[in-house]
Amino acid sequence: MSEQIPKAVLTEALRRQINGRRVLAAVFCTFRFEPGFFEQEILPVLFDLPLHQDPKIRRLQLEDALRSLAGKVAVYYDPRALAVGDGTVGLDVRRIPVRPRTGYFHPKNAFLLVQDDTTQERALMVLTASANLTQAGWWENVECSHIEEIMEGGRSRTAPDMRRFLRHLRTLAQSFGPQESLEDVDQFLKTIQPIAHRTTNHVLHPHFLFNGRRGTLSLVDHLDDIAGEWLRGANLEVISPYLDDADTSAPLADLIDRFQPRRWRVLLPEDRGVARCRESLYDWVRQRNGEWGRLPKAVTARAGRQSAGTSPSQRTVHAKVYRFFTKDWELSLVGSFNLTQPAHQSGGNVESGVLVETTGQRQPRFWLELVEDPPPFAPPATEHEDVEQDYVALLVRYDWATGGAEVLWDGTATSPCLQVYAHGVPIFTTGPLPPATWTMVPAEDAEALRKHLRSTGFLTVVDGDRRGIILVHETGLAHRPSLLLDLTPADILRYWSMLNADQRSAYLAQRGGELSGLDGAEALPAAAVGGTTAETVFDRFAGMFHGFASLTRTVREALEEDRVEAARFLMFGAKYDSVPVLVERVVNDTDGDLVDRYLMVLCAQQLADLVRREHPDFWASDSVGAARLEAALAVRPALRAEIAARNDAEMAGFLDWYEPRFLGTAAEVPA
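Just so it is clear, the model here is predicted, and its values are computed rather than measured.

About the thresholds
Residues numbered from 1 in each chain as written. Predicted model: local features only at pLDDT ≥ 70, side-chain atom pairs only at ≥ 80, totals over all residues. Heavy atoms only, no water. Core = buried A, V, L, I, M, F, W, Y, C linked by side-chain atoms within 4.5 Å. Buried < 20%, exposed > 50% of the residue type's maximum accessible area, 1.4 Å probe, protein only. Helix = DSSP H or I, 4+ residues; strand = E, 2+ residues; numbered from the N terminus. Contact = heavy atoms within 4.5 Å. Axes fitted to C-alpha atoms, helices over the stretch in contact; angles between N-to-C directions. Left-handed = near helix turned anticlockwise from the far one by under 90°. Nonpolar A, V, L, I, M, F, W, Y, C, P; charged D, E, K, R; others polar. 1 Å grid on protein atoms, 1.4 Å probe; cavity = no way out; pocket = protein on both sides within 12 Å on 5 of 7 lines; lining within 4 Å. Points joined across faces, edges and corners; volume = space filled by probe spheres on them. Pairing = 2+ DSSP bridges. Polar contact = N/O pair within 3.5 Å; in protein donor to acceptor, adjacent residues only side chain to side chain. Phe/Tyr/Trp six-rings, centres within 6.5 Å; stacked < 30°, edge-to-face > 60°. Salt bridge = Lys/Arg side-chain N within 4 Å of Asp/Glu carboxyl O.

Engineer: Whenever I open this one, the nonpolar core confuses me. Can you help?
Structural biologist: It is characteristic of soluble globular proteins that their nonpolar side chains tend to be buried jointly. The biggest cluster of nonpolar side chains holds 60 residues, and the ones touching the most others in it are Tyr76, Phe111, Leu169, Leu189, Leu394 and Leu449. Considering every element that reaches this core, the biggest residue donor is helix α5 (residues 159-172), with five residues. If near-sequence neighbours (up to four positions away) are discounted, Leu189 is found in contact with Leu124, Ile150, Ala159, Met162, Arg163 and Leu166. Formed by 41 residues, the second largest nonpolar core is a distinct cluster that contains Val555, Leu602, Ala604 and Leu607.

Engineer: Help me out: how do you make sense of the packing of helix α7 (residues 219-231) against helix α8 (residues 250-259) in this one?
Structural biologist: When two helices pack together, their arrangement is given by the angle between their axes and by how far apart the axes lie. For the pair α7 and α8, the least separation of the axes is 11 Å and the interaxial angle reads 30°. The handedness of the crossing between α7 and α8 is right-handed. Residue-level inspection shows Val220, Asp221, Leu223, Asp224, Gly228 and Leu231 of α7 in contact with α8, the latter providing Asp254, Leu255, Arg258 and Phe259. Residues that form the contact of α7 with α8 fall into these classes: five nonpolar, one polar and four charged.

Engineer: Would you take a moment to explain empty space enclosed by the protein for this structure?
Structural biologist: Where empty space is left becomes clear once a probe the size of a water molecule has been rolled over the atoms. Applying the stated criterion across every chain, the model contains three cavities of 30 Å³ or more. Taken as a whole, the largest cavity encloses approximately 50 Å³ of empty space. In terms of lining residues, the largest cavity is bounded by Leu10, Phe28, Cys29, Lys108, Asn109, Ala110, Leu127, Ala129, Ala131, Leu133 and Trp138. For the lining of the largest cavity, the secondary-structure elements that each account for two or more residues are β1 (22-30), β4 (109-115) and β5 (122-129). Within the lining of the largest cavity, the residues separate by chemical class into nine nonpolar, one polar and one charged.

Engineer: How should the pairing of β1 be read in this particular structure?
Structural biologist: Put simply, side chains in a regular strand alternate between the two faces of the sheet. For β1, the buried fraction is high: eight of the nine residues fall into the buried class. Across seven bridges, the pairing between β1 and β4 is antiparallel. Along β4, the bridge assignment pairs Cys29 with Asn109.

Engineer: What's the story with unusual backbone geometry in this structure? I'm lost.
Structural biologist: Glycine aside, residues mostly have negative phi, and peptide bonds are mostly found in the trans state. Note that the residue after Gly431, namely Pro432, is joined by a cis bond; omega there is 0°. If you trace the backbone, Pro432 turns up in the loop between β24 (425-430) and β25 (439-440). Despite not being glycine, Gln120 shows a phi value in the positive range, around 65°. Within the element layout of this structure, Gln120 appears in the loop between β4 and β5.

Engineer: Would you mind showing me how to read the side chain of Asp463 here?
Structural biologist: Position of Asp463 relative to the elements: it lies in strand β26 (residues 458-463). Judged by its relative accessible area of 15%, Asp463 falls in the buried class. At 2.6 Å, the side chain of Asp463 forms a polar contact with the side chain of Arg466. For Asp463, the contacting residues outside a window of four places in its chain are Val392, Pro416 and Leu418.

Engineer: I keep staring at the sheet that holds strand β17 (residues 321-325) and nothing clicks. Help me out?
Structural biologist: In a beta sheet, neighbouring strands are held together by backbone hydrogen bonds and run either parallel or antiparallel to one another. Taken together, the eight strands give an open sheet; going across it, the order is β11-β19-β18-β17-β12-β13-β16-β20, and neighbouring strands pair in mixed fashion. What marks the edges here is a single partner per strand, and that holds for β11 (207-211) and β20 (369-370). Pairing between strand β13 (residues 264-267) and strand β16 (residues 291-294): three bridges, direction parallel. When the sheet's bridge partners are listed, Val266 is paired in β16 with Trp292. Sitting on the sheet, α7 is in contact with β11, β17, β18 (330-335) and β19 (351-358), with an inclination near 150° to β11.

Engineer: Please clarify how the packing of aromatic side chains should be interpreted in this entry.
Structural biologist: What characterises a pair of aromatic rings is the spacing of the ring centres plus the angle enclosed by the ring planes. Under the defined criterion, the tally for this structure stands at 20 aromatic pairs. Ring geometry for Phe572 against Phe618: centres 5.2 Å apart, planes inclined by 20°, an arrangement best described as stacked. Of this pair, Phe572 sits in helix α16 (residues 564-572) while Phe618 sits in helix α19 (residues 616-621), placing them 46 residues apart in sequence. The exposure class assigned to Phe572 is buried, which follows from its relative accessible area of 0%. Among the residues examined, Phe618 registers a relative accessible area of 7% and is labelled buried. Here Tyr658 and Phe662 contribute two aromatic rings whose centre-to-centre distance is 5.7 Å and whose plane-to-plane angle is 45°, an arrangement assigned as tilted. Here Tyr658 and its partner Phe662 are both found in helix α22 (residues 650-663), four residues apart, which amounts to about one turn of the helix. We classify Tyr658 as partly exposed; its relative accessible area is 23%. Counting every residue linked through ring pairs, the aromatic cluster contains Phe545, Phe654, Trp657, Tyr658 and Phe662.

Engineer: Even after reading the chapter, I still don't get the sheet that holds strand β21 (residues 394-399), so can you show me in this structure?
Structural biologist: The strand order across the open sheet built from four strands is β25-β22-β21-β28, with neighbouring strands paired in mixed fashion. Every other strand in the sheet has two partners, leaving β25 and β28 (473-475) as the edge strands with one partner each. Here β21 runs beside strand β22 (residues 404-409); their pairing, made up of six bridges, is antiparallel. Across the sheet, the residue bridging to Leu394 is Trp409, located in β22.

Engineer: Where do I start with the pattern of salt bridges in this structure?
Structural biologist: In a structure, side chains of opposite charge can pair up when their charged atoms sit close to one another. Summed over the entire model, instances satisfying the criterion amount to 45 salt bridges. In this structure, Glu474 and Arg480 form a salt bridge, with 3.2 Å as the shortest nitrogen-oxygen distance. With its nearest N and O atoms 2.7 Å apart, the salt bridge here joins Glu642 to Arg646. In this pair, Glu642 and Arg646 both sit in helix α21 (residues 636-646), four residues apart, roughly one turn of the helix. Residues joined by salt bridges that share partners form a network here, namely Glu39, Arg95, Glu474 and Arg480.

Engineer: Whenever I open this one, the environment of Arg32 confuses me. Can you help?
Structural biologist: Looking at the secondary structure, you find Arg32 in the loop between β1 and α2 (35-42). Taking the C-alpha atoms as reference, Arg32 lies 7.2 Å from Asp386; in sequence the two are 354 residues apart. With residues near it in sequence (within four places) discarded, Arg32 still touches Ala81, Leu82, Ala83, Asn132, Leu133, Thr134, Asp386 and Glu388.

Engineer: Would you mind showing me how to read the pairing of β26 here?
Structural biologist: Across the six residues that make up β26, a large majority, six, are buried. Here β26 shows two buried faces, one formed by Phe458, Thr460 and Val462 and the other by Leu459, Val461 and Asp463. Pairing between strand β23 (residues 418-422) and β26: three bridges, direction antiparallel. Across the sheet, the residue bridging to Gln419 is Val462, located in β26. The pairing of β26 with strand β27 (residues 466-471) spans six bridges and is classified as antiparallel. Bridging from a neighbouring strand, Thr460 pairs with Ile469 of β27. Following β26, the chain reverses through two residues before pairing antiparallel with β27; Gly464 in that reversal takes a positive phi of roughly 65°.

The following block contains the structure:
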């Protein structure tokens, strides 16, 4: 039970729950989405790595760390509440817009599938919260959250409803094809045995609630169905930043009429001492014997020292909590449900929450301090304040593998003619477009879009007087060139040979700092990047063969563990450490040692032959990447001829003997 309000930093609470385990898949749901902040500050929680303080180098390290999660991190957001914010967007995250026809896509969840590599035990961590994926949501506001962990093969009351929620999410986002991370989470939940009973030893099991889907119950009906006999006659406390812009509150009236609370208190939405609701609604609550309250200043005060003689600034309250309690027990609904009609009705917003029983030693009391005197009033705060009023319903997706771009008009009628800009520069014009149909963009327009996407994924769409911001949905990110780092062939070989993620992260911090001229990029000791200096371990052939052997093991392990996208990044991708990039660097490195260049190409050919033979389906799945690799490898005869021309006549015969024997050992490379 909670006499005092529990406090925790959301990122740290999530990091502690992960506890060093490896994340296998991640699904995030949010209403308002700030992609740059998500990539720079929330994604790092998924990795147990030391990251550089400079945002550019940290992005480089995250780009590498995401290889293990290639295609397995997805964010579902309402495109009408997109926040541009600061920071570059372009890491391997599936950014999927969701726009329900009956309201807003408003849930705030994270489903993280994790594995303990020591015990091989898997678990699903489910965060249900009020915080959007924004800087304000995770760093500034007063928010609420609940984290549940479900062990593989275990039992859970919440799992069936979570699966129904994920299936509904899949339907809402069906325009975007396969959704690997969502499918992985759903497959895990299939292993969970449902708990049929609502309680065990008179303690309520957590219940996952959501609405916005046809056939779901209203919030008050859902609460009544789960725990109505306990809720009736209990005290009720509601913390919600938004109320209906009305003289009365229909959802609050439903709660009061249904459960007849002994006492009830509601958060007064305030901004700098001014109430953000109608005065008539304030009076209506009082007339119904309700109470208005505010959170203690100790909870809402911003951290840090204040200047002498000034009062501490207050944080925005964005939490959504419904507390039912008596002197003996407490049930709380935590999640995204505001005290508004669209949030509570069955056909309104898509919302989510979890109903949990809090146990403890102390008798629960109201968290909100009583508001004694009526405050001054201002126009009501509404959920619409977070919506971009100039939103234009155009969806754009770009495939880095094929270089193709498509557009879709997410409206109910034919679109007008639309102009698409990037940084104020026209990119292409499209329309009229039929509704709900993907249409290919001309090749020259797709090329213009590709050049823009090298820096950021935001576009401005102009529809008459409206200028809306949208975020491009990018796929085939293995073929997206890295923006920050170009490695020499020797650097790539050294990078492949790194033993673990910590070493690779440290190496990228060092090299990224050197190449971008940033302060704070300290030189690393030799042991941190491979154990000895380049003059010994990586001297010519030993380092070359060691690097390719390490890469071969990595690719094999990824394919054997069905991490196809991770293998695609290495074998067919366009990043700084992919095989095609290495071979292309070798071709262009005309000042490099000719024999070294030839042997590198032979090693790359050996690896390509092995992968083609052992994993033909994988090889055939990426015709663009395979063609790029084969085109790069076609330099081998020219390098061989140049070696023969620089030596005596016996060299050509030696190469005729040596080359097939070297390539023939591909099957013998150790796994």
